[in-house]
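# An overview of the molecular structure
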Amino acid sequence: MTDDLARIEDPQLLTGQGRFLDDLDPLPGTLVAAVVRSPHPHARIRSVNFERARRHPGVAAVIGPEEVLQTLKPFPLSVKTPMPYYPTGTDKTRYVGEPVAVVVATDRYTAEDAAELVEIDYEPLEAVVRTYEAMEANAPRLHDSAYSNVATDRTFTFGEVDESFAQARHTVSKRYSFPRYSSTPMECSSVIAEWRETADGPEVTTWANFHGPFSMVQVVAGALNIPTSRLRLIVPADIGGSFGIKAAIYPYVALMALASKHAGRPVRWTEDRLEHMLSSSAGSDREMTFEAAFDDQGVISALRVDLIDNVGAYMRPPEPSTLYRCFSNITGSYRIEQVQIRARAVVTNKCPTGLNRGFGGQQLYFGLERLIDDIALELGLDPVEIRRVNLIGKDEFPYSTPSGGIYDSGDYQTALQMVLDAADYGGLREEQRAARERGELFGIGVATITDPSATNIGYVGLATPIHNRGRGKSGSTEHVRVSVDPQGIVTVLLGTVPQGQGHATVARQIVADRLGLPLKQVRPRVEMDTATTPWTISTGSYSSRFAPLLTSALIEATDRLGESIRIAGGVLLQADPADLEFADGQIHVIADPGRSVSFRQAAGLIHWDPGSLPEGTSARMYEEAAFTPPQSKAPSRTDQINSSLCYGFVAELVACRIDPETLQIKIETLSSVHDAGTILNATLLDGQIHGALVQALGGALYEEMTYSDSGQPTATTFMDYLCPTSAESSFPLISNHLETPSPLTTLGAKGSGEGSSMSFPVAIANAVADALSPLGISIDSLPLHPNVIHKLIQANATKEGN
């Protein structure tokens, strides 16, 4: 399935006919909300006064801490640390931009004007934003009910780690930092909510441009104190991008539902860009220490990893996902048999974190792949050779990692060689030698990563010790519904809520292939409505789930529906259904292709004349299927888990030059090889790779959500938060593919949407470190702005001078 079929999603988007939530007006008489936010990073709320705002003409309601505490419960958390989280500050505000009140009025202008009349008396408190400082005993405590700012702290040991370190010929220990950066979707978050009182209790209907619903429906229903069956979430076909960031929309879903309750009418809220940059979400910044034990050839016997995520003011769900999403692939693509992991999440006076493309993998691989290069430096060997001697071999699959991962398939050595050959690695090293003789800063960096896809959300349970977990949790299920109408048009209802990946294109392609239909006879639908669309806790567009999971369910549902159509074709052709095949919109007798009926005729028979079907044949013209892989289990008694279903592979090489005057980093060569299992659509795969590369480029060289020591955010506009444009993204790319089909998915497909977002930042860092190595400079953090390079060079010069 590698035909380069054009994306069917594009024409409407390119002609301005997308249906984004801010374009829709599903309920008459909807009011508009404005959110009043805290200007303080840490402050006690002494009092609030809404009287002037409530008297303002056009205002229907103003709500704040009192109304929140009267109606809502704290959101259910993944850990039992007493750090309650509400959609507004109640006792204190803990980050700049935290909601404190909501003003509901006839229009946005009136709501914004009235919001300025809200009076809040704050008692400013000392703030803390740096991770290590927040962990100190005398640090300002964000949550008075907790003993410290550490929200979770767990250590896992697999194998004889201490013994391996004691016996090792060499050890190395390095500390690395990964920055906090976000995504910038075209449409910011948007919510419409209606609270209705019924004889059976409240019912809440919401619209949100969110790539869920997965577990967030349960979380919102818990806060609203209603059953999930009485909370309806609708997602429009177009959501303007997310990349995980909009998982943080759920507090506003609950907040706008509460606002609707008090206003007595539906309420809508659309986030503006300043609000988004200030207080939506970001990937967590991480401090980490990696230690390796290895021999003279660089073969690694043991690994110690200490991960500390700065999750901002609250560890709000789905955190601590970033800590544990890559738990099973913590050793990456390498044959490392002993591993110890310490995982901590720390709250600070920053905006709370959440998902961001490649979450967990970005942070992990920055540390692990920098460590590999540091081992090479320690031994005086080529970083490529260190990778070669440690990569898992082709004949070792399925491969079990010490922390519980089951790598399904791969050929890592071949992929690495492909990326080297495509870039002419030997030639690049020759070019580097000549450049260094001229005094130029020219570097080459490599990264090899295992790409987890089809996440098993049971990994979140690892944040809680076994005796506190209760019932085990796991999840890699995806649902789909396929139906056919009397005209033979097949409709596919997807539950993955795409955000630009082309799910509709691929689904139509698969169904058309299975049923032998022209593409125009298959109609995919991607809207999500939890009242009508099949879904489960794990449903949603995250962690590259579509290709491995939903397509597997889609094949099952399509084939079952096809059997019904084949039976109807047998009635019309007076033939055994087993002797029939689908092709060209027809049902043919295999031995006599001239005997055929149209797919439409067979579908029409079931709709119009079901009595003619053989006795016991169902006339149901839709099929639902759920693909639930048995490999996705809850954590074991020994804290091992296969945290993803299947695992791809990415090898990337970057060659860069650093301008001696401006210290700008110019990427001169980028070679990338992806193994995503069976390729379903090569054009879409390339699009995913290009998109991930650009997002990764932002995190590596440009983007960072910075804060002053006092807790004030200092990058809340595009003047300070620098996103790469087409000019910065025009690097030369050599992209190749390798296919090692997964034995665990129906089509052999693995995910591909996040790979380069995890590998490219560290490949750039390795290249820059290599360029600066003649100066004795190493790289242990991102992003690599020219001013960062300048400071490193100046610091090194000062050190050399001493």
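Look up a bit, the structure's there.
Position labels on residues start from 1 in each chain and follow its written sequence. In keeping with the predicted nature of the model, local features appear solely for residues at pLDDT of at least 70, side-chain atom pairs appear and are counted solely at 80 or more, and the whole-chain, interface and lining totals rest on all residues. Water and hydrogen atoms were dropped before computing side-chain values, which therefore reflect all heavy atoms in the structure.

### Thoughts on the sheet that holds strand β12 (residues 267–270)
Selection criterion: Whether two strands pair comes down to DSSP finding at least two bridges between them. The secondary structure listing takes helices from DSSP runs of H or I that are at least 4 residues long and strands from runs of E that are at least 2 residues long, numbered from the N terminus. By definition, residues are in contact when any of their heavy atoms lie within 4.5 Å. Angles run from 0 to 180 degrees between N-to-C directions of axes, and those axes are lines fitted to C-alpha atoms, restricted for helices to the stretch in contact.
The eight strands lie next to each other as β3-β5-β1-β12-β9-β10-β11-β22, forming an open sheet whose pairing is mixed. Both edges of this open sheet fall to β3 (59–63) and β22 (528–529), since each of them pairs with a single strand only. Note: strand β9 (residues 190–198) against β12, four bridges, orientation antiparallel. Each residue of the ladder has a partner; that of A193, found in β12, is V267. Of the strands in this sheet, β1 (31–37), β3, β5 (99–105) and β12 touch helix α4 (residues 108–115), which is tilted by about 30° from β1.

### A short note on the pattern of salt bridges
Defined as follows: The working definition used for a salt bridge is a side-chain nitrogen of Lys or Arg within 4 Å of a carboxyl oxygen of Asp or Glu. Burial status follows relative accessibility: with a 1.4 Å probe on protein chains alone, a residue under 20% of its type maximum counts as buried, one over 50% as exposed, and anything between as partly exposed.
In the structure shown here, the tally under the stated rule is 50 salt bridges. Between R620 and E623 there is a salt bridge; the shortest N-O distance is 2.9 Å. According to the relative accessible area criterion, E623 is buried, its value standing at 8%. In the salt-bridge network here, residues are joined through shared partners; they are R37, R108, E112, D272 and E275.

### Thoughts on the nonpolar core
Rules: Here, nonpolar core means buried Ala, Val, Leu, Ile, Met, Phe, Trp, Tyr and Cys residues that are tied together by side-chain atoms lying within 4.5 Å of each other.
Grouped together as the largest cluster of nonpolar side chains are 176 residues, with contacts concentrated most on L224, M256, F290, F760 and V768. Considering every element that reaches this core, the biggest residue donor is helix α19 (residues 755–772), with eleven residues. Leave out the neighbours within four places in its chain, and L224 touches L72, W195, V204, L231, A254 and A257. I510, L549, A575 and A625 belong to the second largest nonpolar core, which has 50 residues in total.

### Concerning the packing of aromatic side chains
Quick note on the threshold: In summary, the pairing rule links any two rings of Phe, Tyr or Trp, Trp by its six-membered ring, whose centres are within 6.5 Å, and it sorts them by plane angle into stacked for under 30 degrees, edge-to-face for over 60 and tilted for everything else.
The final tally for this structure, using the stated rule, is 18 aromatic pairs. Seen from their ring centres, F75 and Y85 are 5.3 Å apart, and the 40° between their planes marks the pair as tilted. Placement of F75 in the loop between α3 (65–71) and β4 (92–93) and of Y85 in the loop between α3 and β4 is noted, with a sequence separation of ten residues between them. Under the relative-accessibility criterion, Y85 is labelled buried at 3%.

### Focus: unusual backbone geometry
Omega for the peptide link from F397 to P398 comes to -5°, which places this bond in the cis form. That bond from L782 to P783 is cis: its omega, -5°, falls within 30 degrees of zero. For D424, which is not a glycine, the phi torsion comes out positive at approximately 55°. By the secondary structure assignment, D424 is in the loop between α13 (412–423) and α14 (425–437). The backbone phi angle of D639 is positive, close to 65°, even though this residue is not glycine. Looking at the element boundaries, D639 is found in the loop between β26 (622–627) and β27 (644–658).

### Some remarks on the pairing of strand β11 (residues 231–235)
The condition is simple: Whether a crossover is right-handed comes down to one check: with the strands pointing away from the viewer, does the path from the first strand over the helix to the second run clockwise; if it does, it is right-handed.
Of all five residues in β11, four are buried, a share of seventy percent or more. Pairing analysis gives four bridges linking strand β10 (residues 201–208) to β11, with the strands arranged parallel. Its bridge partner lying in β11, W207 is registered against I234. After leaving β10, the chain enters helix α7 (residues 216–224) and then returns to the sheet as β11, a path that is right-handed. As defined by bridge partners, β11 adjoins β22 across two bridges and the pair is classed as antiparallel. Considered in β22, the bridge of I234 is made with D529.

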